[in-house]
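Structural characterization, general
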Amino acid sequence: MPEEIRIGVFICHCGINIGGVVDVPAVVEYASTLPNVVHAERNLYTCSSEGLESIKAAIKEHNLNRVIVASCTPRTHEPLFRATCKEAGLNPYLFEFVNIRDQCSWVHLHEPESATEKAKDLVRMGVAKAARLEPLEELTSDVIPTAVVIGAGISGMTAALSLARNGFSVHLIEKEKEIGGMLRNLYTLYPTDELAEEFLEPRIQAVKEHKRIALHLSSAVRAVEGYVGKFKVILDESGVERSIDAGVIIVATGAHEFEPEGLYEYDGERVITQLQLEEKLKKGDLNWAGIKNVVMVQCAGARGEVVGYCSKICCMNAIKNAKLIKEAHPAINVFIAHNELQAYGEEYELYYRDAKKAGVRFLRFPLERRPKVRRSDGNLIVDVFHERMQLDIPFEADLVVLSVPLVQNPDATQLSKMLKVPLGQDKFFFEAHVKLRPVDFATDGIFLCGTAHGPKDIGESIAQGYAAASRATIPLARGYVHSEPIISSVNEELCVGCGICESVCPYGAIEVVEVEEGKKRARVTGVKCKGCGTCGSSCIRRAIKMYHFTDEQLMAQERAAVVTEVIS
Amino acid sequence: MAEVRLVGFLCNWCCYAGADLAGVSRFQYPPNVRIIRVMCSGRVDPVIILDAFLYGADGVFVGGCHPGDCHYLQGNYYAEKKIEMASRLLREAGVEPKRLRLEWVSASEGARFATIIKEFTDEIKALGPVTFEKEAMEAACLAAADYRLRIVATKERELLEEGNKYGEVFTRHEMDRLLDDLVREDYEVKRILLRLKEPMSVKELASELNLRPNIVLRHILDLKRYELVDLHEIRDHTPRYIARELSEGGITE
Ligand code: SF4
Ligand code: SF4
Ligand code: FES
């Protein structure tokens, strides 16, 4: 026999906030006439310690198995009332909130009668839902105290070191034969002008020497399974398959320089990219004697030419390289043709002024008339449009350097699919929230840092590396994760294994699996599910039950909203 | 103006928070709407919306986060297509699609929430209480619960954005026509099924439901093939059909 439903309703005056508009005693009286309601009372402040005590007392005295509080908003007070129910021995998910303040008394201040009627309706809807509530248990799962960091560039190394120093084991995965990433190709760094090599070397050493960091070189991720606390990352390490268990994953796969094939007469010899210039500067194999004019072209391939975005670091990088050339060879003319100049912040602004002082010349072009590079009699000419004069000014060049954007690595798409984390419009990895969760993915337990997330300079990449490590430390240090039981579940009798649900779930929480030979059914991984319910409203067989917001509960509420006579 | 009853489904993270803010800021709006909290607008199943109409809602409001802001990334994109599907079915059932409204309201848009609800309430008041033939709305509910429309409502976005498996991308216009046809057909089929609780001939069905006989016949043949309808008897050379017991996938409960 199903247990008898015994609902207690607590209606809050909230001082005069509710009581000043809504006729609270009338609502209490009405509530007590509703089916399954065995107790109804009003409180001056239900959330005060007296109010909470009276809930607990009523649960005992009236043997309540459902509790409704009609007061403010669940967004602020649900945790408190749930905890109260729990203290009184009632499953917290048998609690239902009715909002009669923020969404009733406060917005109908001048219509007390209508507000009272509305409050009654809202309580009736709450009762209809409460009668259909089911007890739910919070999900807890352990966290393996190990991290996987994918990508051993500067931000990945920073994150790995930070985690290792915090006492966690780290598997650092690098697809190249060596660690260090993009920094290995750089010559000097702005704004300090120090040698990249000198900056990088001690950090590489620290990573290599740390006993809690396991390096996996020439390795690529082949598959990822699991969820926060219990990931399994399958690697291909120089042709050998390996499997790593980890609690968290940090994506630090970096980016690479766009190759301006077919643009600006690019040939890799006399028309080169900034990175190629750095390599030449580093090796010292440029024949300076033969160079009188250097022209740098900003935004090459960026901001609408090929990719849409501004790569943000190329301005400072060009200024750095221009300044370097000018300081070493004052006789050489160095021009930077640019549209905007991103030398943000005081430090960068001063650096820019230094470059100007050193004699670097800046030429501004409109974005609609980008510079053109042409060859005439073996000479390179760069035509830069002068906006005020409305004409192309030709600059002879012995070396043209293109400031091209950083672009996402081609294998990122695959990785994003394996991890089930999104890429944004520009194909960079996409964080959970630009301000509130800048290094998290929406999927729990997976974090992000460095240029995999978008163009960034060294300082920013390092800062993000630390940030990602500190976010990842939260589940690692705690050792377990909790998740709300507001999740979906599949009725395997109805499910036909079509996979529609899987295709809409943003977290990979529901997957079609072969339950027995030839029979496929959707399965939910509770800790991964965030309870959005989109799978439920999409399921072609209506086979999915969304706990705490079931079809039955929502329909009971919606019917109670429009049908005044009580339907039980 | 007549009193009308409105039901609002608001997502927890944006619109519900916006509604709370309207309260905190004491922005006033008409008291006709009854709000139901859901975690995401993507949760709102067309079946539930149509069921609210069936039970007497004069208008249904769905509020979610602005595009790109959904707490669950894309729930609101799916919601949009589902709401469109529900509107189409409302139209088939003879109810003004305007009675169903979807809006994006952020947690900081308290004033906007109040304005929208006021506007919507006024609009529904102007239309007056909803009227429809009960069986028509039941047919709409059944169609919304059936797999065909559920697949298209979910996959529509993909088809519009990524194309089918041959990479052919549908235009908005083609998609609209396709959906109109599909929805109409499914709705007609459900109407026929509901009528066939009693045995009837194609001609009788056609005249009662105001459909062309050849269309009714085509639906009946399909229904027979799917074993949803049986030949009941042949009287005066006229076959009469009857529906099998409706199983699950119908109106819930
Ligand atoms: S959408 Fe429904 S029927 Fe299809 S696999 Fe998922 S649960 Fe099963
Ligand atoms: S409720 Fe949302 S998060 Fe959970 S399985 Fe369904 S789609 Fe995924
Ligand atoms: S959470 Fe608001 S629409 Fe998805």
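Now for a look at the structure at hand. (Residues numbered from 1 in each chain as written. Chains lettered and ligands numbered in written order. Predicted model: local features only at pLDDT ≥ 70, side-chain atom pairs only at ≥ 80, totals over all residues. Heavy atoms only, no water.)

1. Concerning the pattern of salt bridges
So the rule is basically this: The term salt bridge refers to a pairing of a side-chain nitrogen on Lys or Arg with a carboxyl oxygen on Asp or Glu at a separation within 4 Å. Every helix listed is a DSSP run of H or I at least four residues long, and every strand listed is a run of E at least two residues long, numbered separately from the N terminus. The cut-offs for exposure are 20% and 50% of the maximum accessible area for each residue type, with area from a 1.4 Å probe on protein chains only; residues under the lower value are buried, those over the upper are exposed, and the others partly exposed.
One pass over the full model with this rule turns up 72 salt bridges over all chains. Of the charged contacts, one joins D245(A) and K232(A) as a salt bridge, the two residues approaching to 3.2 Å between their closest N and O atoms. Of the two residues, D245(A) is situated in strand β13 (residues 240–246) and K232(A) in strand β12 (residues 230–237); the sequence distance between them amounts to 13 residues. Here D245(A) falls in the partly exposed class, since its relative accessible area comes to 39%. Put simply, R240(B) and E233(B) hold a salt bridge, and the shortest N to O gap is 3.0 Å. You can call R240(B) buried: its relative accessible area is 14%.

2. Section: the site of ligand 2
Selection criterion: We call a residue near a given molecule or strand whenever any one of its heavy atoms falls within 4 Å of it. Amino acids are sorted into nonpolar (Ala, Val, Leu, Ile, Met, Phe, Trp, Tyr, Cys and Pro), charged (Asp, Glu, Lys and Arg) and polar (every other residue, Gly among them).
The environment of ligand 2 is formed by S488(A), C505(A), Y507(A), A509(A), I510(A), C529(A), K530(A), G531(A), C532(A), G533(A), C535(A) and M546(A). Class assignment of the residues belonging to the shell around ligand 2 gives a composition of 8 nonpolar, 3 polar and 1 charged.

3. Here we look at the side chain of S488(A)
Put simply, the test is: We call two residues contacting when some pair of their heavy atoms lies within 4.5 Å.
Mapped onto the fold, S488(A) is located in strand β27 (residues 488–490). For S488(A), the contacting residues outside a window of four places in its chain are V524(A), C529(A), C535(A), I544(A), K545(A) and M546(A).

4. Re the interface of chain A and chain B
What counts is decided by this rule: We define buried area as the total accessible area lost by two parts upon association, computed with a 1.4 Å probe and summed across both. Under the rule applied, a polar contact is a pair of N or O atoms within 3.5 Å (in protein, one hydrogen donor and one hydrogen acceptor; residues adjacent in sequence only if both atoms are side-chain atoms).
Each partner contributes residues to the interface: chain A has 53 residues there, and chain B has 53 residues. Between chain A and chain B lies a buried interface of about 4,800 Å² when both sides are counted; carbon and sulfur atoms form 58% of it. The three residues of chain A that bury the most area against chain B are Q103(A), R542(A) and V562(A), which together make up 13% of that side's buried surface. At the junction of chain A and chain B, the tally comes to 6 salt bridges. Taken together, chain A and chain B are joined by 28 residue pairs in polar contact (both at pLDDT 80 or more). Taken together, the elements giving at least two residues each to the side of chain A that touches chain B come down to α3 (74–87), α4 (112–130), α12 (500–504), α13 (534–538) and α14 (551–562) of chain A. Top element by residues in the side of chain A that touches chain B is α14(A). It accounts for 9 residues.

5. So, the nonpolar core
Worth spelling out the cut-off: Here, the term nonpolar core denotes a set of buried Ala, Val, Leu, Ile, Met, Phe, Trp, Tyr and Cys residues that are joined through side-chain atoms within 4.5 Å.
Of all hydrophobic cores here, the largest spans 125 residues; its most connected members are I11(A), V67(A) and V123(A). Broken down by element, this core gets its largest block of residues, 9 residues, from helix α5 (residues 134–145) of chain B. With residues up to four places along the chain from it excluded, the contact list for I11(A) reads V24(A), V27(A), V28(A), A31(A), E41(A), R42(A), N43(A), T46(A), A70(A), I100(A) and V123(A). With 56 residues, the next largest nonpolar core counts F258(A), W288(A), V295(A) and V384(A) among its residues.

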